[in-house]
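# Observations on the three-dimensional arrangement
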Amino acid sequence: MKKPVALAALALVGIGLYHCRRLLLARFLKLPPPRYAVAVERKIPVPMPDGVRLFADHYFPKFSGRDGIAFPTILIRTPYGRGKEVSLGNGYPLAELPAQRFAERGYHVVVQGARGCFDSEGSFRPHVNEAADGEATVAWISCQPWFNGMLGTWGPSYLGYTQWATAASSPGALKAMLVMVASAENHSVTHPDGAFGLETRLRWSQGVHSQNLLNRRPLWEKLVHRFSGKEERRLDAAFDHLPLLEADTVAAGEALPSYRDLLTHPEPDDAFWAARDHRQAVAGIGAPVHLVGGWYDYYLRGRHFINRFHKMELDFACQMFGHAIEIDPEFAPAWAGSADCYSLLVIYHDPQEHYREKAREASQKALELAPDLAEAHASRGLALLVSDEFEACE
């Protein structure tokens, strides 16, 4: 008798948790409670000017008045799957999970697969078609009866790059961007300091290849492939392989054109990179942009390049680091950041001695506070470099 009662109690608890799942998830993610139930229209074909169709899912709040016309729209463009596909990055946490959360709180959300990925037609050429495809997608959204003229974009990594590419055409409807761990160009992370980023670029190329290869396979086969560790073992062997041009055949079992393109274009002024570089359009973006990164985000190089051309941003950054130092004078990273900003002002805008002195003083303070902090040593080296103290900065 006890066992059936226990099973019944567990079933009731499970039913209760299921019905409360959205509220529980909101609390776990530290979000406001959901306001609306969510409906989804899946696999909508979005035509591109060349006839290719990119498929999208439309999430929207269930709303009784005027078909939800009052709600703004968020666009998420991704090569990693629109929903529950088992792929690199996984389409659920990068697409469906945030789309549901946004829609619950009063947004239309369009999640679109990038060209050549999963259901979307065409061939996937990394970073090449995102500007044109993003522009065409915004034009399509603008014609939808539920669109109220207000568009935002969201996403990390490649999803962040697609935001910069889409914003490059300066769509008037774009009102806000949230870009995480991404930059508007890719040479700086592909060839950091002039050396090819083998670990990141080969791993990514192999992952994208695997997700497209497994797209039509049964779910069990995808899961076995994902959790067997086979890809890591092949990558370990590929990292030790020479020549580097053939390491892709070890990692993926065949040549990967995207990997070889990245490897064989080391020069930043190559036309190959110009077609993928949207930095010059950044200054013309009128929408507010929220940038998110971290100490170990290798896209920090690219994010740094986004802002370094504009004196206004560097002046503002100096002020912000100054405020941080006022709050905590013992916080070495703030001193290092302040030193970097003054050094960049010297390099790109105004080589006055005042900035050089500020850079030297701040970098010295960072080193005194945290002798083992890598950023302190880097800022000190840059400060000495812009002061023409070449021997001291080695």
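Quick note: structure is the one above.
Figured I'd write up the structure that's included with this text. (Residues numbered from 1 in each chain as written. Predicted model: local features only at pLDDT ≥ 70, side-chain atom pairs only at ≥ 80, totals over all residues. Heavy atoms only, no water.)

Before going further, it helps to examine the overall build of the protein. Across its full length, the protein holds 18 helices and seven strands. Taken over 394 residues, the protein has a buried fraction of 46%. Of the contacts formed within the protein by residues at least 6 apart in sequence, a portion of 67% connects residues at least 24 apart. Of the roughly 20,200 Å² of accessible surface on the protein, 60% is carried by carbon and sulfur atoms. (Helix = DSSP H or I, 4+ residues; strand = E, 2+ residues; numbered from the N terminus. Buried < 20%, exposed > 50% of the residue type's maximum accessible area, 1.4 Å probe, protein only. Contact = heavy atoms within 4.5 Å. Areas by Shrake-Rupley, 256 points an atom, 1.4 Å probe, with all protein chains shown as cover.)

A few words now on helix α7 (residues 198-213). Helical geometry: 3.6 residues make up each α-helical turn, so side chains three or four residues apart lie on a common side. Across its 16 residues, α7 extends 22 Å between first and last C-alpha, which sits within 8% of the 22 Å expected from 1.5 Å per residue. With twelve of its 16 residues buried, α7 lies for the most part within the structure. Among the residues making up α7, those that are buried are L198, T200, R201, L202, W204, S205, Q206, G207, V208, H209, S210 and Q211. The inward-facing, buried residues of α7 abut α5 (158-167), α6 (187-190), α8 (219-227), α9 (230-239), α10 (247-252) and α11 (257-263). (Expected span 1.5 Å × (residues − 1).)

A separate point is empty space enclosed by the protein. Inspection of every chain in the model, using the stated rule, returns one cavity of 30 Å³ or more. Estimates place the volume of the largest cavity at around 50 Å³. If you trace the largest cavity, you find it lined by Y80, H127, S157, Y158, R201, W204, Y298 and Y299. Considering only residue class, the lining of the largest cavity consists of five nonpolar, two polar and one charged. (1 Å grid on protein atoms, 1.4 Å probe; cavity = no way out; pocket = protein on both sides within 12 Å on 5 of 7 lines; lining within 4 Å. Points joined across faces, edges and corners; volume = space filled by probe spheres on them. Nonpolar A, V, L, I, M, F, W, Y, C, P; charged D, E, K, R; others polar.)

The next subject is the sheet that holds strand β3 (residues 73-78). Pairing is mixed across the open sheet formed by seven strands, whose spatial order is β1-β2-β4-β3-β5-β6-β7. Strands with a single pairing partner mark the edges of an open sheet, and in this sheet they are β1 (38-47) and β7 (289-292). Averaged over all pairs of adjacent strands, the angle between their axes in this sheet comes to 20°, without regard to strand direction. Summarising the sheet, strand β2 (residues 53-61) and strand β4 (residues 108-113) pair through four bridges and their orientation is antiparallel. When the bridges of β4 are listed, D57 appears paired with V111. (Pairing = 2+ DSSP bridges. Axes fitted to C-alpha atoms, helices over the stretch in contact; angles between N-to-C directions.)

Taking 1.5 Å of rise per residue, the 17 residues of helix α16 (residues 332-348) would be expected to cover 24 Å, and the 24 Å separating its terminal C-alpha atoms lies within 8% of that figure. Of all 17 residues in α16, 14 are buried; the element is thus mostly enclosed.

Attention shifts here to the pattern of salt bridges. Counted according to the given criterion, the structure contains 15 salt bridges. The partner of D133 in a salt bridge is R115, with the nearest N and O atoms 2.9 Å apart. With a gap of 18 residues between them, D133 in helix α4 (residues 130-142) and R115 in the loop between β4 and α4 connect regions that are remote in the sequence. The two residues D133 and R115 agree in class, both being buried. Ionic pairing is found between E353 and R360, a salt bridge with its closest N-O pair at 2.9 Å. A cluster of three or more residues bridged by salt bridges with shared partners is formed by R42, D57, R82, E96 and D119. (Salt bridge = Lys/Arg side-chain N within 4 Å of Asp/Glu carboxyl O.)

Moving on, we get to the pairing of β2. Summarising burial for β2: seven of the nine residues are buried, a large majority. In sequence, β1 turns back onto β2 through a hairpin of five residues, with G51 there showing a positive phi of about 95°.

Of all six residues in strand β5 (residues 151-156), six are buried, a share of seventy percent or more. Across the two faces of β5 the burial is the same, with L151, T153 and G155 and G152, W154 and P156 all buried. Sheet topology note: the β3/β5 ladder contains three bridges and is parallel. Across the sheet, the residue bridging to I74 is G152, located in β5. Here β5 pairs with strand β6 (residues 174-180) via six bridges, running parallel.

With that settled, consider the nonpolar core. Formed by 21 residues in total, the largest nonpolar core has its most connected members in Y59, I76, V109 and V111. Elements that contribute at least two residues to this core include exactly β3, α3 (91-104), β4, α5 and α7. For this core, the element with the highest residue contribution is α3, accounting for four residues. With residues near it in sequence (within four places) discarded, V111 still touches F55, A56, D57, Y59, I76, T78, R82, A95 and A99. By size, the runner-up hydrophobic cluster in this structure holds 16 residues, among which are M48, I141, F147 and L151. (Core = buried A, V, L, I, M, F, W, Y, C linked by side-chain atoms within 4.5 Å.)

Okay, the packing of aromatic side chains next. Enumeration according to the criterion identifies ten aromatic pairs in this entry. Joined through ring pairs, the aromatic side chains of F124, Y158, Y161 and W204 make up one cluster. When the ring centre of F55 is taken as origin, the NZ or CZ atom of K43, which lies over that ring, is 5.5 Å away. The ring of F272 is capped by R276, whose NZ or CZ atom sits 3.7 Å from the centre of that ring. (Phe/Tyr/Trp six-rings, centres within 6.5 Å; stacked < 30°, edge-to-face > 60°. Lys NZ or Arg CZ within 6 Å of the ring centre and 35° of its normal.)

Moving on: the side chain of H127. Along the chain, H127 falls in the loop between β4 and α4. In terms of polar contacts, H127 uses its side chain to reach the side chain of N186, at 3.3 Å. Beyond its immediate stretch of four places on either side in the chain, H127 contacts Y158, Y161, N186, A275 and R276. (Polar contact = N/O pair within 3.5 Å; in protein donor to acceptor, adjacent residues only side chain to side chain.)

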